[in-house]
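Secondary and tertiary structure notes
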Amino acid sequence: MTVSTTRTLPVPPGLVIAPQLPDLLLPVKVRRGILGFLRNHPTVAIGGALLLLLVLVGVFAPYLGTVDPTALAPAKRTRAPSANFWFGTDLLGRDIYSRVLYGSRVSLTVGLSVAASASLTGLAIGLVSGFVRWADGILMRFMDGLMSIPPILLAVALMALTRGSVGNVILAITVAEIPRVSRLVRGVVLSLREQPYVDAAVASGTRTPMIILRHILPNTMASMLVQATYICASAMIVESILSFIGAGTPPTIPSWGNIMAEGRALWQVKPYIVFFPAAFLSVTVLAVNLLGDGLRDALDPRMAKGL
Amino acid sequence: MLSYILRRILSTLPVMAIVALFVFSLLYIAPGDPAAVIAGDQASPADVERIRQNLGLDRPFLVQFGTWVWHILHGDLGTSIFTSLPVSALIAQRIEPTLSLMVITLILTILIAVPLGVVAAWKAGSWVDRTIMGFAVFGFSVPVFVVGYVLAYVFALEFEWLPVQGYTPLAQGFWPWLQNLILPSVALGCVYIALIARITRASMLEVLQQDYIRTARAKGLGQRSILFIHALKNAAVPIVTVIGIGIALLIGGAVVTESVFAIPGLGRLTIDAILRRDYPVIQGIVLLFSFTYVLVNLMVDVTYTLVDPRIRY
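So, a few notes on the structure that sits alongside this text. (Residues numbered from 1 in each chain as written. Chains lettered and ligands numbered in written order. Predicted model: local features only at pLDDT ≥ 70, side-chain atom pairs only at ≥ 80, totals over all residues.)

What to know about the overall build of chain A
The number of helices and strands found in chain A is 11 helices and zero strands. Secondary structure elements of chain A, listed N to C terminal, follow the sequence α-α-α-α-α-α-α-α-α-α-α. A fraction of 66% describes how many contacts in chain A between residues 6 or more apart in sequence connect residues 24 or more apart. (Helix = DSSP H or I, 4+ residues; strand = E, 2+ residues; numbered from the N terminus. Contact = placed C-beta atoms within 7 Å.)

Points about the overall build of chain B
If you tally the helices and strands in chain B, you get 13 helices and zero strands. The N-to-C order of helical and strand elements in chain B reads α-α-α-α-α-α-α-α-α-α-α-α-α. Across its three principal directions, the C-alpha atoms of chain B cover 85 × 55 × 35 Å. By residue count, 37% of the 313 residues in chain B fall in the buried class. Long-range contacts, defined as pairs at least 24 residues apart, comprise 73% of the intrachain contacts of chain B with a sequence gap of at least 6. (Buried ≥ 20, exposed ≤ 12 C-beta atoms within 10 Å, placed from the backbone.)

What about unusual backbone geometry?
Residue and element names in this part refer to chain B. You will see that S84, though not glycine, has its phi angle at about 60°, which is positive. Here S84 shows up in the loop between helix 4 (61-73) and helix 5 (87-122). S84 gets classed as exposed once you count the C-beta atoms within 10 Å, which come to 8. Backbone geometry places A262, a non-glycine residue, at a positive phi of 50°. Mapped onto the fold, A262 is located in the loop between helix 11 (247-260) and helix 12 (266-275).

Observations regarding helix 7 (residues 144-158) of chain B
The first and last C-alpha atoms of helix 7 of chain B sit 20 Å apart over 15 residues, in line with the 21 Å expected at 1.5 Å per residue. Most pronounced at A152 of chain B, the bend in helix 7 of chain B amounts to some 30°. Residues of helix 7 of chain B that are buried sit in contact with helix 8 (208-244), helix 9 (256-263) and helix 10 (271-299) of chain A together with helix 8 (174-208) and helix 11 of chain B. One or two residues past the end of helix 7 of chain B sits E160 of chain B, with phi positive at roughly 55°. (Expected span 1.5 Å × (residues − 1). Bend = angle between axes of the 7 residues up to and from the residue.)

Notes on the packing of helix 5 (residues 151-161) of chain A against helix 11 of chain B
Running from N to C, helix 5 of chain A and helix 11 of chain B point in directions that differ by 50°, and their axes come no closer than 7 Å. Overall, the two elements helix 5 of chain A and helix 11 of chain B adopt an arrangement that is oblique. Contacts between helix 5 of chain A and helix 11 of chain B involve P151, I152 and L153 of chain A from the first element and A248, I251, G252 and V255 of chain B from the second. For the contact of helix 5 of chain A with helix 11 of chain B, the class distribution of residues is six nonpolar, one polar and no charged. (Axes fitted to C-alpha atoms, helices over the stretch in contact; angles between N-to-C directions. Parallel < 35°, antiparallel > 145°, perpendicular 65-115°, else oblique. Nonpolar A, V, L, I, M, F, W, Y, C, P; charged D, E, K, R; others polar.)

Right, here's the structure in full:
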């Protein structure tokens, strides 16, 4: 099916021509079920599959031909990648392959925990601020203040207060991410409150908690899920940056940022120490971003229009 | 309009107050006793107590906050615990490389991202659009230090076209200065370019559906003048707003970029301060960056009200 607009380009199916109109170009065949959904949204499938693979790698790291990632072997320092050491060894003779595989645990833990905790806290703050008039002003001014501190600096400042641990890294990045989620949820709540069906619910005597639960919450879920994937991606990047500059995960734990930080001094002569964690980090973040973009296109036409 | 501008300026005051309060609390709740640090290892408890009283550290939280704000308004950001130099002097020493890096990155980003976004919107749905947007996803996903190392490896180590690391002050000539900044600003700009290209495309797509674009096309205007004069001008508000908001990315990224390329700027100062837990320095930097960020965005908004007659509040 082609529709001619001002241009006479053939239009691929599913492309939104005029966002303000209902989507005329529904995919030719609407497939049902999870498999059908994945076939309709290949980015979700690719991103999801990559992410699943990395989660499996993280979970089954001990069984994938790894050795103890913290085992020192000064005699085998800075070996180039070979059949024995697939990704080579670092300054202290530790096996980089094992460290990178175990490192995926840190990145995934931080990414997923921050996504979950920032979304939930942001959801709560956004709901309160959307429904409680007097709290709205105070909460949003406070969020504006937090938002005007660049997220990485905010996380760095918080990390400077505490000792480096994975828990503290998660906490610091969560605090830095909350303002954006709260803003988003508040916006959605404010627009949903004006919907006729919410008026109808109010008119028929539904109590506020019930309105939130039945009418508001389900409608915020799509944007929240999309936002959560983006937060996950950004949290993984921030974690690696924090570790890279020495304000993140303690150096005893192999995380991608830490491996890169240790390889930094030698990167001109032994670039592979930096290369492997960098490649894994980039692919992981790419997978999460693809997943987010795909979910956004699939679930949230309002946001798909925006970016 | 004047009342809008006034209100917009006034609305940044509470934001700045909250930033200041937050940053002050950082020092207030920071572990370690500044009085004990200043007194040194040999001091008796009485000495420490005297220093604490001299510094006013025994006074209530709000009084200390007030004094601190008073000093900041007079340009006094405190004294570094580690070097005993005024924080403002430390920042002044390091500001040139960071500022240079950011300005070059900003120029580079606008020069690259806006045309890319325009072309993507023009060719929406085609392979050109898909390629550009694919690169944008890529730019979002690859962390700044990864891009930095790859660029440095390829262009500095392999081809030897540009210096690997370091910084040359502008005073020593424009070309040496620029040469050192090219790779870092490309690395730093990656995420930013992706962001601006995306928002440009989205904003352009919206404008390209307007009636006046059809009119322009109907009266036979060339594609280029439609895109860059009629459409881009009207699509500019969201683009410029996001350029302003995206400066947060530049600030965060600069810290890392400077570390990769060994640029002695504020980022380097930040990292050193964190490693030494030099709280006054951290405080000063966070405060400086946040205020700059707030002011830049204020300027963007106010400029728009002045330039764009459609914006009326």
